[in-house]
Amino acid sequence: MNSLSSCPLCNFYPNFRPKPIIRRDVRPPICTGEETNLKWTNLKRNLTPEERMAISRLPKMMANRCKALMKKLICFNSQDENLHLLLAAWVKTMKPTRADWLAVLKEMKKIEHPLYIEVYEYALLEDTFEANVRDYTKLIHTFGKQNNLHRAEGTLDNMKRRGFILDLVTLTTLIDMYSKAGDLKHAKEIFDEIKLLGIDYDKRAYGSMVMAYIRADMLEEAESLIKESEAREIYTGTEVYKALLRAYSNKGDSKGAQRVFDSIQYARVVPDSRICALLVNAYCLAGQTSEARCVIENMRRAGLRPCERCVTLIIDAYEKDNSLDKALDFLIEMEKDGIAISQDILGVLQGWFDKIGVKEEMDEILKEVSRLR
């Protein structure tokens, strides 16, 4: 018997059809596409404990399509799989957006995945990644940190072929790269190219070129460029000033060190004890112990506590001058100001007294220093 004919209303109203009964506790299935993703992420072999741990640490909020690729990359075997085919399949199946690419690259960089650069290079050529100038600049910077100039220049050529125009950030990155590689010639060419393009220099461009001169041991050119930037009221970073001051200091060029020290204050940077120690070192190496002592006194007037390095430099200088009385007076002043005398400094004194044959006097001085503490 037909189920409809068993309904009393159907006998009187032929067009009547009863509504189906819907159970409220049963939800209809929703197609999310995860079935496809699940098949795509099936792994062909058993996972190692390290791979399982890496997969378990993937961000919970990461999109499924990104997790699918990350799982494949974590378990990737270059002998059995092709990276480009894997990425092409992911693009075709998952239709990723730029945000998806960035999420994958961020996670790969975080876990220091060995295929990070290869995936980055592939992404730059993908329309879905929507590459821009900054993306290429980041990759050039990465190659620069690895001192891989060949691949950095190759990335630059690819960037130009695709019609991207170099901006100040990219050019500054190139200066920094050539500077760290010791290639002053190319760094200078890029720096001059910025001017030819009509782009105004900023503090980073000036700073990168100054560092290139410092690494090439051309300190006068570096100082001249700093003065040029200061004349335009553009001040390079504190680290650049410190690098130039350190270079002069290590050479024992007290005049150059003093000029840079003055420039630091002109650039509205308040010198700390480490910066002052570089100036003290310059005077000590130049044999100008009195001037080094004046720097220490100026530090104390400015409320700066001389660091252990400063005290050690002064004691070493007094030892070279064979000025024992001045060295002891200096140490007593430091102790009265609450500056602790380290064991290294006391060791210098011990060796000094051994040389002049007054070891017993050394014991008395150590007792006096201990009493002052």
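Every value quoted in this text rests on a predicted model; they were computed, and no experiment measured them. (Residues numbered from 1 in each chain as written. Predicted model: local features only at pLDDT ≥ 70, side-chain atom pairs only at ≥ 80, totals over all residues. Heavy atoms only, no water.)

Asker: Is there a simple way to explain unusual backbone geometry in this structure?
Answerer: Phi is mostly negative for residues that are not glycine, and the peptide bonds are mostly trans. The phi dihedral of asparagine 147 is positive, around 60°, even though this residue is not glycine. Structurally, asparagine 147 can be placed in the loop between helix H8 (133-145) and helix H9 (149-161). Owing to a relative accessible area of 48%, asparagine 147 belongs among the partly exposed residues under this scheme. Its identity as a non-glycine residue notwithstanding, arginine 268 has a phi of 65°, on the positive side. (Helix = DSSP H or I, 4+ residues; strand = E, 2+ residues; numbered from the N terminus. Buried < 20%, exposed > 50% of the residue type's maximum accessible area, 1.4 Å probe, protein only.)

Asker: I would appreciate a short explanation of the layout of surface pockets in the present structure.
Answerer: Using a probe with the size of a water molecule, rolled over the atoms, empty space left in the structure can be pinpointed. When its volume is computed, the largest pocket comes out at roughly 440 Å³. Looking at the largest pocket, it is lined by 18 residues, and the ones nearest its centre are Thr172, Thr173, Asp176, Arg204 and Ser208. Looking at the lining of the largest pocket, the elements with two or more residues in it are H8, helix H10 (168-180) and helix H12 (203-215). The leading source of residues in the lining of the largest pocket is H12, at 6 residues. Considering only residue class, the lining of the largest pocket consists of 4 nonpolar, 7 polar and 7 charged. (1 Å grid on protein atoms, 1.4 Å probe; cavity = no way out; pocket = protein on both sides within 12 Å on 5 of 7 lines; lining within 4 Å. Points joined across faces, edges and corners; volume = space filled by probe spheres on them. Nonpolar A, V, L, I, M, F, W, Y, C, P; charged D, E, K, R; others polar.)

Asker: Can you walk me through the nonpolar core in this structure?
Answerer: Nonpolar side chains in soluble globular proteins generally cluster together in the buried interior. Residues Leu73, Val119, Ile214 and Val280 are the most contacted members of the largest nonpolar core, which totals 112 residues. It is helix H16 (residues 273-285) that contributes the most residues to this core, 9 residues altogether. Setting aside anything within four residues of it in sequence, one finds valine 119 in contact with Leu73, Leu83, Leu87, Trp101, Leu105 and Met108. (Core = buried A, V, L, I, M, F, W, Y, C linked by side-chain atoms within 4.5 Å. Contact = heavy atoms within 4.5 Å.)

Asker: What should I look at first to understand the packing of H16 against helix H17 (residues 289-301) in this one?
Answerer: In helix packing, the relevant descriptors are the interaxial angle and the interaxial distance, both defined with respect to the helix axes. H17 packs onto H16 with a crossing angle of 165° between their chain directions and a minimal axis gap of 7 Å. By the angle between their directions, the pair H16 and H17 is classed as roughly antiparallel. The hand of the H16/H17 crossing is right-handed. Between H16, through Ser273, Cys276, Leu279, Val280, Tyr283 and Cys284, and H17, the contact on the second element is made entirely by Thr289, Glu291, Ala292, Val295, Ile296 and Met299. In the contact of H16 with H17, the residues fall into 9 nonpolar, 2 polar and 1 charged. (Axes fitted to C-alpha atoms, helices over the stretch in contact; angles between N-to-C directions. Parallel < 35°, antiparallel > 145°, perpendicular 65-115°, else oblique. Left-handed = near helix turned anticlockwise from the far one by under 90°.)

Asker: I keep staring at the UniProt feature "repeat: PPR" (unreviewed entry) in the chain and nothing clicks. Help me out?
Answerer: In the numbering used here, UniProt assigns the "repeat: PPR" (unreviewed entry) feature to residues 132-166, 167-201, 237-271 and 272-306. A helix fraction of 74% and a strand fraction of 0% characterise residues 132-166, whose end C-alpha atoms lie 11 Å from each other. Across residues 272-306, the secondary structure splits into 74% helix and 0% strand, with the terminal C-alpha atoms separated by 9 Å. (UniProt positions renumbered as here; feature names shortened; annotations may be inferred.)

Asker: Explain the state of the cysteines to me, please; I cannot follow it from the model alone.
Answerer: This model, assessed by the stated rule, comprises 0 disulfides. For the unlinked cysteine cysteine 276, the closest cysteine sulfur is that of cysteine 310, found at 6.7 Å. The thiol of cysteine 284 is unpaired, and the distance to the nearest cysteine sulfur, on cysteine 310, comes to 8.9 Å. (Disulfide = S-S within 2.5 Å.)

Asker: Any chance you could explain the confidence of the model for the chain here in plain terms?
Answerer: Parts of the model with low pLDDT should not have their predicted coordinates read in detail. Of the residues in the chain, 83% reach a pLDDT of 70 or more, and the chain-wide mean stands at 85. Here residues 1-14 is modelled with pLDDT under 50, and outside its nearest four sequence neighbours on either side it reaches 8 contacts, counting other chains as well. Confidence drops under a pLDDT of 50 for residues 16-38, and excluding neighbours within four residues, the segment shows 10 contacts in the predicted structure. (pLDDT = per-residue confidence, 0-100.)

Asker: Even after reading the chapter, I still don't get the side chain of threonine 170, so can you show me in this structure?
Answerer: Among the secondary structure elements, threonine 170 is positioned in helix H10. For threonine 170, a relative accessible area of 1% gives the class buried. Here threonine 137 takes part through its side chain, which lies 2.6 Å from a polar atom of the side chain of threonine 170. Sequence-distant contacts of threonine 170, defined by excluding residues within four places in its chain, comprise Val133, Arg134, Thr137, Ile140 and Met159. (Polar contact = N/O pair within 3.5 Å; in protein donor to acceptor, adjacent residues only side chain to side chain.)

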